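Each chain is listed here by its residues.
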Amino acid sequence: MADFQQTFVIANHPYAAIMVSIPLAASVFGSILSGPIADRIGRKNYFFVAALTKLVGSLVQITASSFGTLLLGRIIAGAAIGVFSMLVPLCNEISRPEHRGRLIAFYQFGVTFGFCAAFWIDYGTSHFTGELSWRLPVGLQILPPFLLFVGLFALPESPRWLIYRERMTEALAILTSLRSTVGDSTDRRIQMEYIGIVQDVSFDKHFSSKSYASLLEKGIENNRRRTLLGIGIHMLTQLTGINVLLFYLPHILQSTGITEINSELLGNGVSGMVNMLATIPVFFFIDKWDRRRILTGSSLLMAICMMTTATVLGVYSDNSSEPVYISNEGAVYGILILLCLFIACFALSWGPLGWIYPAEIYPQLIRAKAMGVTTAASYCFNVAISQIAPVLFRYITWGTYVVFGCSCLLIAWIVHAFYPETRGRSLEEIHLIFSGALIDERPGAHHPSTAAEALERLEIMEDRLKIPV
């Protein structure tokens, strides 16, 4: 886009670095600061704020005529993206345990669809001349936050947050509308879930700290372990090498002998389509198969893809310096297939589960703050890996794939050794897993304090207790 380069002089290296890094920093701060705000004004109201913020950021960008104005718009939009990255998985707390994975998988599918659509829109408008070549794709950014803002009026507030704010009547009404097709709040299962949430939130409010410092406290609730696992899963997601691969794939393919135009088309267009389409099967198995098995199995497959890619490059590369050139056409397309298989393996596992798992493991009182911290960690590790990768490609060339292949093997062991299974559990039962109080950890089994005890209490107090309490 010549007009874009002429208007904003982005080709200048410091300007290009600023344009990428500063909005990422805004996303980091947006996600970190979101916890207290979401706890204060509610999940739904904060969605409205974030949608308006993104809309303003997009409007500033489309009307920009200088580098400073464009950067301001990207900072505002980047902060909103940070909020969305934390808030969407957080709102998963309204779902049933058996649907929780699929709902967050919709978020990951939306992300991959957005990346894919953005490339093809940019590719299509890159042939235009004048301002339209960049103002049109930038202007289309207004559409998603506008549609989100309109759709938010149909989104219910989180019953757990309402109970936390002691708005019991509203909480029960919303829980009933989410769980019952006939709106019967006296349904025993709804009452059991309601009482379980009230018990859990009430205990946390009276006996737990809700400051950021509490994220590092050990105690009976094991908040420190939860925080480390949440940050860790985002760190491990980046250490698979996926974002490095997606970002540098056009350059990787160009170095193998594919022309610049074709490398852009294959690198961004085809990989984006693979990433998006491979996310679709997730909806059919994510809540049926154990989280740990999916993560460990996919890590091993990704390691095989990386090691095989390194082998092909090592055998068929014409020299050992950077860039690596390959003259064998079969090897070139073999590498493309291997890298697409790697992307598909990631999209079927770490892509959605990297967001699902952290959203499941925190208790109500610290969930928003912890999600903000873990989401910020994702952005930080993304930046760190993207800075390290070019150095690796420069000095060890195809050995970079060996590094990430070994990393995937290590990741498989870490998940197997340290991450407990959460599939099919209510958030209250997951709370018991980390406190060491869950008697039967098999999927489908329930702990007395979250099921039978709640039922017994309802039966004993039936004449004395009117729901809501």
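Note that this is a predicted model, so its numbers are computed, not measured.

Trainee: Before we go on, may I ask you to explain the overall build of the chain in this structure?
Mentor: In terms of helices and strands, the chain carries 22 helices and zero strands. Taking all 469 residues of the chain together, the buried fraction comes to 50%. Approximately 21,400 Å² of the chain is accessible, and the part contributed by carbon and sulfur atoms is 66%.

Trainee: Whenever I open this one, the packing of helix α12 (residues 223-239) against helix α18 (residues 350-360) confuses me. Can you help?
Mentor: Packed helices, taken two at a time, are described by their axes: the angle between them and the distance between them. Between α12 and α18, whose axes approach to 9 Å, the crossing angle comes to 170°. Considered as vectors, α12 and α18 are oriented roughly antiparallel to each other. Across the interface between the two elements, Gly-230, Ile-233, His-234, Leu-236 and Thr-237 from α12 touch Trp-350, Leu-353, Gly-354, Trp-355, Tyr-357 and Pro-358 from α18.

Trainee: Is there a simple way to explain the side chain of Ser-298 in this structure?
Mentor: Tracing the backbone through its elements, the reader meets Ser-298 in helix α16 (residues 291-316). Residue Ser-298 is classed as buried on the basis of its relative accessible area of 8%. Within the structure, Ser-298 has its side chain in polar contact with the backbone oxygen of Ile-294 (distance 2.8 Å). Those residues in contact with Ser-298 that sit more than four places away from it in its chain are Cys-345, Ser-349 and Trp-350.

Trainee: Would you explain the confidence of the model for the chain in this entry?
Mentor: Caution is warranted with low-pLDDT regions, since their predicted coordinates should not be read in detail. On average, residues of the chain carry a pLDDT of 82, and 83% of them reach 70 or more. Taken as a whole, residues 461-465 scores under 50 in pLDDT and shows two contacts with residues more than four places along the chain or in a different chain.

Trainee: Honestly, the packing of helix α3 (residues 34-41) against helix α4 (residues 43-62) in this entry has me stumped. Any pointers?
Mentor: It is at 7 Å that the axes of α3 and α4 come closest, and there the two elements cross at 125°. As summarised for this structure, α3 and α4 are arranged oblique, according to the angle between their axes. For the pair α3 and α4, contact is made by Ser-34, Ile-37, Ala-38, Asp-39 and Ile-41 and by Arg-43, Asn-45, Tyr-46 and Val-49, respectively. Classifying every residue of the contact of α3 with α4 gives five nonpolar, two polar and two charged.

Trainee: Help me understand unusual backbone geometry, please; the structure alone is not making it clear to me.
Mentor: The bulk of non-glycine residues show a negative phi, and the bulk of peptide bonds are trans. Here Glu-166, not a glycine, exhibits a phi torsion of approximately 65°, which is positive. Structurally, Glu-166 is set in the loop between α9 (159-164) and α10 (168-179). A residue is classified by how much of its surface remains accessible, and Glu-166, at 56% relative accessible area, is exposed.

Trainee: Even after reading the chapter, I still don't get the nonpolar core, so can you show me in this structure?
Mentor: Soluble globular proteins: nonpolar side chains tend toward being buried together. Counting residues in each nonpolar core, the largest one holds 71 residues, and the members touching the most others are Leu-87, Phe-342, Trp-350 and Tyr-401. If you look at the next biggest cluster of nonpolar residues, it comprises 16 residues, including Tyr-164, Ala-171, Tyr-194 and Leu-365.

Trainee: Before we go on, may I ask you to explain the environment of Ser-65 in this structure?
Mentor: When you line up the elements, Ser-65 lands in the loop between α4 and α5 (67-90). Given a relative accessible area of 56%, Ser-65 falls into the exposed group. C-alpha of Ser-65 to C-alpha of Thr-7: the two residues are 58 residues apart in sequence and 6.9 Å apart in space. When sequence neighbours within four positions are dropped, the list of residues in contact with Ser-65 reads Thr-7 and Phe-8.

Trainee: Whenever I open this one, the packing of aromatic side chains confuses me. Can you help?
Mentor: Given two aromatic rings, their pairing is described by the distance between the two centres and the angle made by the two planes. For the structure shown, the criterion picks out 12 aromatic pairs. Ring centres of Phe-48 and Phe-149 lie 5.1 Å apart, and the angle between their planes is 75°; this geometry places the pair in the edge-to-face category. Taken as a pair, Phe-48 in helix α4 and Phe-149 in helix α8 (residues 143-151) lie far apart in primary sequence, 101 residues in all. In this structure an aromatic cluster arises from ring pairing among Phe-106, Phe-109, Phe-113 and Phe-283.

Trainee: What should I look at first to understand the environment of Val-402 in this one?
Mentor: Along the chain, the position of Val-402 falls in helix α20 (residues 399-418). Given a relative accessible area of 28%, Val-402 falls into the partly exposed group. Along the chain, Val-402 and Ala-303 lie 99 residues apart, while their C-alpha atoms are 8.5 Å from each other. Not counting residues up to four positions away in its chain, the partners in contact with Val-402 are Met-307 and Ala-310.

Trainee: Looking at this structure, I do not really get a nonpolar patch on the surface. What am I missing?
Mentor: A cluster of nonpolar side chains, contributed by Trp-120, Met-273, Leu-277, Ile-280 and Phe-284, occupies part of the molecular surface with about 480 Å² of accessible area. Mapped onto the elements of the fold, Trp-120 is located in helix α6 (residues 100-125).

Trainee: Is there a simple way to think about α10 in this case?
Mentor: One turn of an α-helix holds 3.6 residues; hence residues three or four places apart share an orientation. Helix length check: α10 (12 residues) gives 16 Å between terminal C-alpha atoms against 16 Å at 1.5 Å per residue, within 8%. Among the residues making up α10, those that are buried are Met-168, Ala-171, Leu-172, Ile-174, Leu-175, Thr-176 and Arg-179.

Trainee: What is the right way to look at α12 in this model?
Mentor: Taking 1.5 Å of rise per residue, the 17 residues of α12 would be expected to cover 24 Å, and the 24 Å separating its terminal C-alpha atoms lies within 8% of that figure. Considered for burial, the residues of α12 that qualify are Asn-223, Arg-226, Thr-227, Leu-229, Gly-230, Gly-232, Ile-233, His-234, Leu-236, Thr-237 and Gln-238. Count one or two residues on from α12 and you reach Gly-241, which has phi positive near 95°.

Trainee: Even after reading the chapter, I still don't get the pattern of salt bridges, so can you show me in this structure?
Mentor: A side chain of one charge can pair with a side chain of the opposite charge when the charged atoms of the two come close. In the structure shown here, the tally under the stated rule is 13 salt bridges. Here Arg-102 makes a salt bridge to Asp-287, at a shortest N to O gap of 3.2 Å. Residue Arg-102 is found in helix α6, and its partner Asp-287 is found in the loop between α15 (282-285) and α16; the two are separated by 185 residues along the sequence. Under the relative-accessibility criterion, Asp-287 is labelled buried at 12%. The shortest N-O distance in the salt bridge between Arg-135 and Glu-131 comes to 3.1 Å. Taken together, the salt bridges that share partners define one network made up of Asp-39, Arg-43, Glu-93, Arg-367 and Lys-369.

Trainee: Help me out: how do you make sense of the environment of Glu-93 in this one?
Mentor: Inspection of the secondary structure assignment puts Glu-93 in the loop between α5 and α6. Note: C-alpha distance between Glu-93 and Gln-364 (271 residues apart in sequence) is 9.1 Å. When neighbours within four sequence positions are excluded, Glu-93 is seen to be in contact with Arg-43, Ser-158, Arg-160, Trp-161, Gln-364, Arg-367 and Leu-427. Within the local environment of Glu-93, its side chain forms a polar contact with the side chain of Arg-43, the two groups lying 3.0 Å apart.

Criteria and cut-off values
Residues numbered from 1 in each chain as written. Predicted model: local features only at pLDDT ≥ 70, side-chain atom pairs only at ≥ 80, totals over all residues. Heavy atoms only, no water. Helix = DSSP H or I, 4+ residues; strand = E, 2+ residues; numbered from the N terminus. Buried < 20%, exposed > 50% of the residue type's maximum accessible area, 1.4 Å probe, protein only. Areas by Shrake-Rupley, 256 points an atom, 1.4 Å probe, with all protein chains shown as cover. Axes fitted to C-alpha atoms, helices over the stretch in contact; angles between N-to-C directions. Parallel < 35°, antiparallel > 145°, perpendicular 65-115°, else oblique. Contact = heavy atoms within 4.5 Å. Polar contact = N/O pair within 3.5 Å; in protein donor to acceptor, adjacent residues only side chain to side chain. pLDDT = per-residue confidence, 0-100. Nonpolar A, V, L, I, M, F, W, Y, C, P; charged D, E, K, R; others polar. Core = buried A, V, L, I, M, F, W, Y, C linked by side-chain atoms within 4.5 Å. Phe/Tyr/Trp six-rings, centres within 6.5 Å; stacked < 30°, edge-to-face > 60°. Patch = residues over 30% accessible without salt bridge, like charges linked within 9 Å, V, L, I, M, F, W, Y side chains within 5 Å. Salt bridge = Lys/Arg side-chain N within 4 Å of Asp/Glu carboxyl O. Expected span 1.5 Å × (residues − 1).

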